[in-house]
Amino acid sequence: MEHPAFSLSGLARKGSLPSLIAGVTFSAIYAGAGYLLKNNMEYGVQTALGASTLMFIAGINRGIVSRYKKPVPIVLTILGAASTLYYTKKYEEFYL
């Protein structure tokens, strides 16, 4: 997952402001989903599933560009796929 610490290292190494923005955004979305899930509120699973799917797609896009020779696209793709499968299973358990 994109964590602010990883985004800050990307910003420090390469001056990647988009990496910082993406990391903070994904962290905020997952924090919001966690809050919703913890308090048994609506749309927690859907929010987490959406964030996971976006992370999976972002990992694939970055992996295609780098031909999966860098660790970040590999990690994004694996974590995105795993969390997408997990939250898909949870969605099916609760809503289908």
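Just above sits the structure.
The structure displayed is predicted, hence computed values, not measured ones.

Caption draft 1: Expanded view of a nonpolar patch on the surface. A cluster of nonpolar residues, Ile64, Tyr68, Ile74 and Ile78, forms a patch on the protein surface that exposes about 370 Å² of accessible area. Tracing the backbone through its elements, the reader meets Ile74 in helix H4 (residues 71-95). For Ile74, a relative accessible area of 33% gives the class partly exposed.

Caption draft 2: How the structure looks around the environment of Leu49. One can find Leu49 in helix H3 (residues 44-66). The spatial distance from the C-alpha of Leu49 to the C-alpha of Ala33 is 9.1 Å, given a sequence separation of 16 residues. With residues up to four places along the chain from it excluded, the contact list for Leu49 reads Thr84, Tyr87 and Thr88.

Caption draft 3: The arrangement of the packing of H3 against H4 in detail. At a closest axis distance of 7 Å, the pairing of H3 and H4 adopts a crossing angle of 155°. What the angle tells us is that H3 and H4 run roughly antiparallel. You can see that H3 and H4 cross each other, and the crossing is left-handed. Across the contact of H3 with H4, the residue classes break down as 14 nonpolar, eleven polar and two charged.

Conventions we followed
Residues numbered from 1 in each chain as written. Predicted model: local features only at pLDDT ≥ 70, side-chain atom pairs only at ≥ 80, totals over all residues. Heavy atoms only, no water. Patch = residues over 30% accessible without salt bridge, like charges linked within 9 Å, V, L, I, M, F, W, Y side chains within 5 Å. Areas by Shrake-Rupley, 256 points an atom, 1.4 Å probe, with all protein chains shown as cover. Salt bridge = Lys/Arg side-chain N within 4 Å of Asp/Glu carboxyl O. Helix = DSSP H or I, 4+ residues; strand = E, 2+ residues; numbered from the N terminus. Buried < 20%, exposed > 50% of the residue type's maximum accessible area, 1.4 Å probe, protein only. Contact = heavy atoms within 4.5 Å. Axes fitted to C-alpha atoms, helices over the stretch in contact; angles between N-to-C directions. Parallel < 35°, antiparallel > 145°, perpendicular 65-115°, else oblique. Left-handed = near helix turned anticlockwise from the far one by under 90°. Nonpolar A, V, L, I, M, F, W, Y, C, P; charged D, E, K, R; others polar.

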